[in-house]
Amino acid sequence: MLRLVELFNEEVIIVSIYSEEQILQMKEDDFSYHLHPTSSIPDMEAWGGPRIISEGEGVRVKSVEGKTYIDCGAGLWLNNVGTGRKEIVEAASKQMEKLHYFQSFNGYTHPLAIEVAKKFAKMVPVENARIFFTSGGSESNDSAYKLARLYFNLTGRPEKNQIICRTKAYHGVAYGATSATSLPGFWDGFRPLVPGFHHTDHPHCYFCAWGKEEGSCDYECAKAVEEKILEIGPEKVAGFSAEPVIGTGGAIVPPNGYYPRVREICNKYDVLLIADEVICGFGRTGKNFGIENWGVKPDLMMLAKGITSGYIPMGAVALTGKIYEPIKKHGIFMHGYTYTGHPVACAAALANLEIVEKENLVENARIKGEILRQKVRALDLPCIGEVRGIGMINGVQLVKNRETREKFAPSVGFAKRVSFLGWENGLILRPLIDDALQLSPSLIISETEIDELVEKLETSIKQAWEEYL
Ligand code: PLP
């Protein structure tokens, strides 16, 4: 049932395989039966229904109406290799035929879980790493906090069980991960949270909480971690957990000295450094892992998203030998998920990482990320404050006044408006916290596609700014 919808750019004919009636029915059914994660129900009502995406290729996706969009977020920061990669589909499908599932509990495993564990253990910057598999980022975070507490329990210091996180952190929505998160709305109505989670200020030079300038500061942002440890009492602190580059909180890159200082502080007080690499891991920052940009080795590392580029859910935790040894002595880790080490996810992971290696996508993230930032910086728009990022984690900070860095009043919803106009102009563009826009497309993006993205972004920001004035 092919339907001609509209003519676009004179050459491209947009067609949909769905009739208008089918689309209306889908929207109605969505309203009737579907509860969406973190989606504004009034917004979806105002749009006349959810935005329904039915297919994609490369860096683009297509709506049921037949219109194509450049996905500026690569799904939720995860689609590193792009949509439609036959190699992954074939690997997963072969594995599904051969052995679609077997458990890793009770002493069982399967060949691909062993292969993936070995591959990850050799890749991660974690000393004598062991790999524990999960099904996603929230599970990886909860598993890491449990491992941190278990380590101190098994080594005779059960009171060392508090976890320090940071403002603007997003670590997921399982209860531990929710408690570690610190973004507006994620705690409302869900209390009591898991006890023992604390938050300290995050580093962000553009809006420095200490009013300093990079280059002439004394890394007050890193000192804040030490102050928090001392406030709680070092004998009570098990770990400091952070995203190497803050994702959902605004794509915020720390100053270069931050993580080396934090590592020293963690060593000084015997506090585990816990790196949430769910977004950063497997190439997005232009290194295999985000924390490698600063030459630092964490004790625990949470992984997900880029493992399979989202072809199928999978997560993992890498733990140091130092944490594994007491568990080995104890004899059992009483924790695990049904889908831990899922064979089909392992097959997808191996095929996905093979593409990343063959196509040099880690290097591409570094090079194309820099090109993308330069092109956005070159836009002559007075409401673009900071264009920040590393590799393919980028944020465009929109401000009311570029000179003073004054933010828009939250009631304006400026980035949200740009994102709405982006949709009209052919972009899937997500507003992050505090009027920043997420620019984190797939790592395969070409320079021509970057040009198209930037042109559509410029149009969308310009339209929103003119409306605002
Ligand atoms: N950690 C970070 C840094 C994330 O960005 C996310 C998700 O966006 C999570 C954890 C949670 O992952 P999931 O949604 O797979 O549970």
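Residues numbered from 1 in each chain as written. Predicted model: local features only at pLDDT ≥ 70, side-chain atom pairs only at ≥ 80, totals over all residues.

A. Examining the site of the ligand more closely. Around the ligand there are 15 residues in total, and Gly-136, Gly-137, Ser-138, Gly-172 and Val-278 lie nearest to it. The element that contributes the greatest number of residues to the shell around the ligand is helix H6 (residues 137-154), accounting for 3 residues. (Near = placed C-beta within 6 Å. Helix = DSSP H or I, 4+ residues; strand = E, 2+ residues; numbered from the N terminus.)

B. Looking closely at the nonpolar core. Formed by 127 residues in total, the largest nonpolar core has its most connected members in Ala-148, Leu-300, Val-317, Ala-318 and Ala-348. The biggest single contributor to this core is helix H11 (residues 343-358), with 9 residues. With near-sequence residues (within four places) excluded, Ala-318 lies in contact with Phe-120, Val-124, Val-126, Ala-129, Ile-131, Met-301 and Leu-303. (Core = buried A, V, L, I, M, F, W, Y, C linked by C-beta atoms within 7 Å. Buried ≥ 20, exposed ≤ 12 C-beta atoms within 10 Å, placed from the backbone. Contact = placed C-beta atoms within 7 Å.)

C. Here's a closer look at helix H5 (residues 111-123). Here H5 spans 19 Å end to end across 13 residues, near enough to the 18 Å set by a 1.5 Å rise per residue. Considered for burial, the residues of H5 that qualify are Leu-112, Ala-113, Val-116, Ala-117 and Phe-120. Along H5, the residues classed as buried sweep out an arc of 135 degrees about the axis, all on the same side. Exposed positions of H5 whose direction lies more than 90 degrees from the buried face are Pro-111, Ile-114, Lys-118 and Lys-122. If you follow the buried residues of H5, they end up packed against helix H4 (86-99), strand E6 (130-134), strand E12 (315-319) and H11. (Expected span 1.5 Å × (residues − 1). Arc of directions from axis to C-beta.)

D. Spotlight on the sheet that holds strand E14 (residues 393-398). Here we have 4 strands laid out as an open sheet, ordered E13-E14-E17-E16, and antiparallel in their pairing. What marks the edges here is a single partner per strand, and that holds for strand E13 (384-390) and strand E16 (430-431). Across 4 bridges, E14 lies against strand E17 (residues 436-439) in antiparallel orientation. When the bridges of E17 are listed, Gln-397 appears paired with Ala-436. (Pairing = 2+ DSSP bridges.)

E. How the structure looks around the pairing of strand E5 (residues 68-71). Pairing analysis gives 3 bridges linking strand E4 (residues 60-63) to E5, with the strands arranged antiparallel. Looking across to E5, one finds that Val-61 is bridged to Tyr-69. Linkage of E4 to E5, two consecutive antiparallel strands, is achieved through a turn of 4 residues, within which Gly-66 is found at a positive phi near 100 degrees. Bridging between E5 and strand E15 (residues 427-428) involves 2 bridges; their strand directions are parallel.

F. Looking closely at the sheet that holds strand E7 (residues 162-166). Strand order across the open sheet formed by 7 strands is E6-E12-E11-E10-E9-E7-E8, with mixed pairing between neighbours. For this open sheet the edge positions go to E6 and strand E8 (197-200), each flanked by a neighbour on one side alone. Going from strand to strand, the sheet's axes swing by 20 degrees on average, the running direction of each strand aside. Strands in contact with H6 are E6, E7, strand E9 (237-242), strand E10 (272-276), strand E11 (300-303) and E12; relative to E12, the strand with the most contacts, it is inclined by about 25 degrees. (Axes fitted to C-alpha atoms, helices over the stretch in contact; angles between N-to-C directions.)

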